[in-house]
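Analysis of the macromolecular model
These are the residues of each chain, in order.
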Amino acid sequence: MQEPSVDLDLAQAHGLTPEEFEKVRAILGRTPTFTELGIFSVMWSEHCSYKSSRIHLKRFPTTGPQVLQGPGENAGAIDIGGGLAAIFKMESHNHPSYVEPYQGAATGVGGILRDIFTMGARPIASLNSLRFGSPEHPRTKYLVGGVVGGIAGYGNCIGIPTVGGEVMFHPGYNGNILVNVMNLGIAHAGRIFRGQARGPGNTVFYVGSRTGRDGIHGASLLASASFEADSEAKRPTVQVGDPFAEKLLLEACLELMKTDSIIGIQDMGAAGLTSSSVEMAGRGGTGIDLDLDRVPVREERMTPYEMMLSESQERMLVVVRRGTEEKVREIFRKWDLEGVAVGEVTSTGHLSVKFRGKRVADIPVKPIAEGAPILKRPMERPVREDSDSRLDLSRIKDVANPGKALKGLLASLNLCSREWIYRQYDHMVRSNTIVRPGSDAAVIRIKGSQHALALTTDCNSRYCYLDPRAGARIAVAEASRNLACSGAVAQALTDCLNFGNPERPEVMWQFSECVDGIAEACQSLEIPVIGGNVSFYNETEGKGIYPTPTIGMVGIIEDARSAMQCHFAREGDLVVLVGTLGEELGGSEYLSQVHQLEAGAVPQLDLAREEAVQYACIDAITESLVASAHDCSEGGIAVALAESCFHPQGGLGAEVKLPAGKRLDALLFGESQSRILLSLQKANLPKLEKICQERDAPFTVLGTVGGNRLKISVGQDAEINATVAELRKPWSEAFPTWMV
Amino acid sequence: MKFGIVVFPGSNCEHDCYHVVKHVLKQDASFLWHKEKTLAHSDCVILPGGFAHGDYLRCGAMAKFSPIMETVSRFASDGGPVVGICNGFQILAEAGLLPGALIRNRTLHYLCQDVYLRTESNASPFTRKIPHGKVLKMPIGHGEGCYYADAKTLSRLEVEGRIAFRYCDSKGNLDEESNPNGSLKSIAGVLNERGNVLGLMPHPDRCAEAILGNEDGRALFESVISR
């Protein structure tokens, strides 16, 4: 087959700028071959090179005594005691999931799993964070069904529980949904594998599924450009998942990792064979010779260009110690997988690719791996036509019927029960799930250890739209607060930074502000960022999404038996608020749902206060003082109280009294930060008082658990008085009713 | 007592079963690779949950051709206790060791949740220590768990006391609301003629420890151990 001749036009069609094309020519000292052009275009795509974000990401704190592996590898790792490491990462699969929701979401799960087990960890828990467009948008239901089905289909089949997540709806995502998937695995701290090609003469193995033409240019064309109206036409760039093949690959790799064969191993994810070989040689300071004639293919007449750029799923590149090849082949034969030696580590410092005896690419590794353009894109604070961030409450009528408003909020798709979703995910396989989906954080025990891990994903994108820096700070604080509500001390986070087109200065400004917000909260709460992912170009026809810096966080509970859940559990317990009531209505779900307003200052966040409240909660749980702990977030204290009444087995009411404030709506539905609802036996109150004093965390006794009604009085008036059943009904029925 | 846990390439719950029998109940246990033909002197065979061969075709349709199934079959016909949990049940039905079939759930969705089971027979090694009528809480996790058999088979199962468990409410009442997947006669588990082979869709392996908030599943393992 005749390959097209390479010129600037072709380079630009590949997404390279004229300057980048010149740089390629300078590196090679000649015009690249067609295959080389393909390699450069994917390696220097936004998706693979982080060219717009890299200068900003340096501001994250990434170290701590618990950190075993920070950013830069396939995933981050922390020490969780007992000689074990938790390895985790979150990644986006936004564009593919919009184009083909089932396969897009499924392969998103498959991709993040490979990032985890390539490090030597057995994946034991998945989470996700999803954003869809308006519930009324004609495509939304189709996308929800497909994405949930894809996550379930892949995760259930491979046998890794999906234990938690979040989902929000907003018209800002009509043309660009977000599918962020996170996975955590457990490895021996001393047996973490890395993506490095070391030792010239060692053998490069290709393992897993065969290579086809699927996903070519997924990274460069799908993930690194905005959508236009023709998104459907991009369907061929979406890969197709095969969870059974991945299961085989997972088991075979873990078996191989018990031997001493492996020098380095890396997933063939975005940009497949290209990025895995370039990155491994880059980290190892070596070169790699590849012989494409040995690559197992599943389609005829594949060209070197196609083989190098295919994003066929369920494949890995493994560098094995010379002389152990037969052992490697034997293990992959056992699992009925391809395990083929396709090349060798060299000392040339070049990636050299042969096909039918001819050299089709010869690229110095260092300049392509590290020499990717680093852009300092212009930034500019957007000028809003409307006065979004100003809110004149005097022009908004206070709530007249709080009971009705509460029911309305509970029945909204953003606040209602997510059971319809998580019931489709196997969240119990591997028999580790102590706190199931539906609480503030999921908790899984670690077999063979006293510890448990708590996991959560979080982001309020409305806050990030109104004030990116404050919104990002809150995302970190709230994720950490979710963990605290389960009794866990936050250890580290992974992020998935979803933004619009970085070529627009206001998007870059949002990005930079969010990075600063995350960094500030991380510094203050001492939570390092150990890995993550940036997803730009979430934009259709010039309209970008709300900035959505999703946080995935992991914490440790010293004694698994003390893991806490969020529902009232005992008749007669006291209801206590740790934190202060607050009356901030800005940016709230209530304003958006009831007044169709997305405005106002986002809630204040005092990070010292936040820390005090969280540690008071953790101490109280550790000392076995409380029966439930629940964060007050979207929907305010009224929604948090109602949710606390919805215990999956039965449910208990409560009677609480709040002091009268300036406005009823702000008091009941405002989203002031740093607040946790606890329930505990009366006898434990003095101990809680002492903890709160020591931690300098304010607290108030609000009322008592019991009966079958939720009664909230403000001052002398009973403002909300409804049975738990009549509150629970709209909350539990909203999602399935909408999906029908 | 020694448990043999069959591992198909797509098994997912083999470690959960191993953990229960080995670490919780302190019994001997070993994994049996599906390409093998021996049971390594096991006294009881467990076919665990999962997606044996990916199950892109019918669940269990390929697993019945795995070499080990011939040996399992022989072990069963010699009276050895065999339990198939979830996918294991699907495989036993496909292999003809148990009657009936498991088809798509009524809702067409995969379902992961707790259910209640009423113990209908204690004439099996796995239920002999569970009082007749006892209600157990147990998780399910399946997309194809709707039990189906023709009318003649159903009435035979009933007459011969071979329905081991039925889905019920927390008080033990049978109703359609408590039947998560639409199984005929609310059947959650059945026995073979001799009573030594049990298949059930719910997961006793997921509820055999206090830390998981539910120990109802222990009774099945303890029954067979105390034999």
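Residues numbered from 1 in each chain as written. Chains lettered and ligands numbered in written order. Predicted model: local features only at pLDDT ≥ 70, side-chain atom pairs only at ≥ 80, totals over all residues.

What about the overall build of chain B?
Rule in force here: Working definition: helices are DSSP H or I runs of at least four residues, strands are E runs of at least two. Numbering for both runs from the N terminus. With C-alpha atoms as the basis for the radius of gyration, the globule rule is written as 2.2 Å multiplied by the number of residues raised to the power 0.38. We call two residues in contact if the C-beta atoms placed from their backbones are at most 7 Å apart.
Helix and strand counts for chain B stand at 5 helices and 11 strands. For chain B, whose C-alpha radius of gyration is 16 Å, the value lies close to the compact-globule estimate of 17 Å for 227 residues. For the C-alpha atoms alone, the extent of chain B along its principal axes is close to 45 × 35 × 30 Å. A separation threshold of at least 6 residues defines the contact pool for chain B, and within that pool the share at least 24 residues apart is 76%.

Focus on the overall build of chain A
Our working rule: Put plainly, a residue is buried at 20 or more neighbouring C-beta atoms within 10 Å of its own, exposed at 12 or fewer, and partly exposed in between, counting only other residues' C-beta atoms, which are placed from the backbone.
Along its length, chain A carries 25 helices and 28 strands. A compact globule built from 740 residues would reach a C-alpha radius of gyration of about 27 Å, and chain A, at 26 Å, matches this within 12%. On the principal axes, the C-alpha backbone points of chain A span a range of 90 × 55 × 45 Å. Per-residue burial for chain A yields a buried fraction of 62% across its 740 residues. By sequence separation, contacts in chain A at least 24 residues apart represent 84% of the contacts at least 6 residues apart.

Observations regarding the interface of chain B and chain A
Note: interface size is frequently given as the accessible area lost on complex formation between the parts. Note the cut-off: Polar here means any residue other than Ala, Val, Leu, Ile, Met, Phe, Trp, Tyr, Cys and Pro, which are nonpolar, and Asp, Glu, Lys and Arg, which are charged; Gly is therefore polar.
Facing 22 residues of chain B, the contacting portion of chain A comprises 22 residues. Those elements that provide at least two residues to the side of chain B that touches chain A are helix 1 (14–24), strand 6 (111–119) and strand 7 (135–142) of chain B. When the residues that make up the side of chain B that touches chain A are grouped by side-chain class, the tally is 9 nonpolar, 10 polar and 3 charged.

Some points on the pairing of strand 6 (residues 178–188) of chain A
In regular strands, side chains alternate between the two faces of the sheet. All names here are of chain A. Quick reminder of the rule: Whether two strands pair comes down to DSSP finding at least two bridges between them.
Counting buried residues along strand 6, 10 of its 11 residues qualify, which places the element largely inside the surrounding structure. Sheet topology places strand 3 (residues 84–92) next to strand 6; 9 bridges connect them, and they run antiparallel. From the neighbouring strand, M90 faces strand 6, where its bridge partner is M182. By the bridge criterion, 9 bridges tie strand 4 (residues 122–132) to strand 6 in an arrangement that is antiparallel. When the sheet's bridge partners are listed, A125 is paired in strand 6 with L184.

A closer look at the sheet that holds strand 3 (residues 44–47) of chain B
All names here are of chain B. The following threshold applies: Every angle, taken between N-to-C directions, lies between 0 and 180 degrees, and every axis is a line fitted to C-alpha atoms, over only the stretch in contact when it is a helix.
As summarised here, the arrangement of the 9 strands in space is 2-1-3-4-11-10-9-6-7, forming an open sheet in which the pairing is mixed. The sheet terminates laterally at strand 2 (28–33) and strand 7, the two strands that pair on one side only. Strand-to-strand twist in this sheet, taken as the mean axis angle between neighbours without regard to direction, amounts to 25 degrees. Bridge analysis of strand 1 (residues 2–7) against strand 3 gives 3 bridges, and the strand direction is parallel. Looking across to strand 3, one finds that F3 is bridged to C44. Helix 1 rests against strand 1, strand 2 and strand 3 of the sheet, and its axis sits at about 175 degrees to strand 1.

Digging into the nonpolar core
Heads up, the condition is: For this entry, the nonpolar core is defined as buried Ala, Val, Leu, Ile, Met, Phe, Trp, Tyr and Cys residues connected by C-beta atoms within 7 Å.
By size, the foremost hydrophobic cluster in this structure holds 315 residues, and its most contacted members are A86, I87, V476, V578, C617 and L641 of chain A. Not counting chain neighbours up to four residues away, the residues in contact with V578 of chain A comprise V613, A616, C617, I676, L678, C692, A697 and F699 of chain A.

Describing the confidence of the model for chain B
The line we're drawing: Each residue gets a pLDDT score, which is the predictor's confidence in that residue and runs from 0 to 100.
A residue-level look at chain B finds 100% of positions with pLDDT of 70 or above and a mean pLDDT of 97. Predicted complex, confidence summary: ipTM 0.97, pTM 0.95.

Structural notes on the sheet that holds strand 12 (residues 350–355) of chain A
All names here are of chain A. Ordered in space as 8-10-7-11-9-12-13, the 7 strands form an open sheet in which the pairing is mixed. The sheet is open, and its two edges are formed by strand 8 (262–267) and strand 13 (358–364), each paired on a single side. Within the sheet, the average angular offset between the axes of one strand and its neighbour, ignoring direction, is 20 degrees. Pairing geometry for strand 9 (residues 287–291) and strand 12, over 4 bridges, is parallel. Counted as the bridge partner of I288 is L351 from strand 12. Relative to strand 11 (residues 338–346), helix 13 (residues 325–334) is tilted by about 150 degrees, and along the sheet it contacts strand 7 (203–208), strand 10 (315–320) and strand 11.

A short note on the packing of helix 7 (residues 101–117) of chain A against helix 8 (residues 140–158) of chain A
Residue and element names in this part refer to chain A. This is how it is decided: Every angle not falling under 35 degrees, over 145, or within 65 to 115 is termed oblique; those three ranges are roughly parallel, roughly antiparallel and roughly perpendicular. Left-handed describes a crossing whose near helix is turned anticlockwise from the far helix through less than a right angle; right-handed describes the clockwise counterpart.
In contact at an axis separation of 7 Å, helix 7 and helix 8 are set at 40 degrees when each is read in the N-to-C sense. When the axes of helix 7 and helix 8 are compared, the pair comes out oblique. The two elements helix 7 and helix 8 meet at a crossing, and its hand is right-handed. In contact with P101, Y102, Q103, G104, A105, A106, V109, G110 and L113 of helix 7, helix 8 contributes L143, G146, V147, G149, G150, I151, G153, Y154, G155 and I158. When the residues that make up the contact of helix 7 with helix 8 are grouped by side-chain class, the tally is 11 nonpolar, 8 polar and no charged.

Here's the deal with the environment of K690 of chain A
Secondary-structure assignment places K690 of chain A in helix 24 (residues 685–695). Through-space distance from the C-alpha of K690 of chain A to that of L641 of chain A is 24 Å; in sequence the pair is 49 residues apart.

Remarks on helix 1 of chain B
Residue and element names in this part refer to chain B. Taken together, the buried positions of helix 1 are E14, H15, D16, C17, H19, V20 and V21. Looking at the buried residues of helix 1, the elements they touch are strand 1, strand 2, strand 3 and helix 5 (218–225). Immediately downstream of helix 1, the backbone of K26 shows phi near 55 degrees, a positive value.

Description of helix 3 (residues 34–43) of chain A
For helix 3 of chain A, the buried fraction is high: 9 of the 10 residues fall into the buried class. Those residues of helix 3 of chain A not exposed but buried are T35, E36, L37, G38, I39, F40, S41, V42 and M43 of chain A.

Considerations on the environment of W731 of chain A
With respect to the helices and strands, W731 of chain A occurs in helix 25 (residues 724–739). Apart from the residues lying within four places of it in its own chain, the contact partners of W731 of chain A are L410, A411, C416, S417 and F646 of chain A.

Quick notes on the packing of helix 15 (residues 402–410) of chain A against helix 22 (residues 636–644) of chain A
Residue and element names in this part refer to chain A. Orientation of helix 15 relative to helix 22, taken along the N-to-C sense of each, is 70 degrees, at an axis distance of 10 Å. Relative to helix 22, helix 15 is oriented roughly perpendicular. In the packing of helix 15 onto helix 22, the handedness of the crossing is right-handed. Contacts between helix 15 and helix 22 involve L406, L409 and L410 from the first element and A638, V639 and A642 from the second. Looking at the contact of helix 15 with helix 22 residue by residue, the class counts come to 6 nonpolar, no polar and no charged.

A few points about the environment of R436 of chain A
With respect to the helices and strands, the residue R436 of chain A is situated in the loop between strand 14 (433–435) and strand 15 (442–445). Considering only alpha carbons, one finds R436 of chain A and Y422 of chain A, 14 residues apart in sequence, at a separation of 9.4 Å.

Comments concerning the pairing of strand 9 of chain A
All names here are of chain A. Most of strand 9 is tucked away: 4 of the 5 residues are buried. Inspection of the sheet shows strand 9 paired to strand 11 by 4 bridges, in the antiparallel sense. Considered in strand 11, the bridge of I288 is made with V345.

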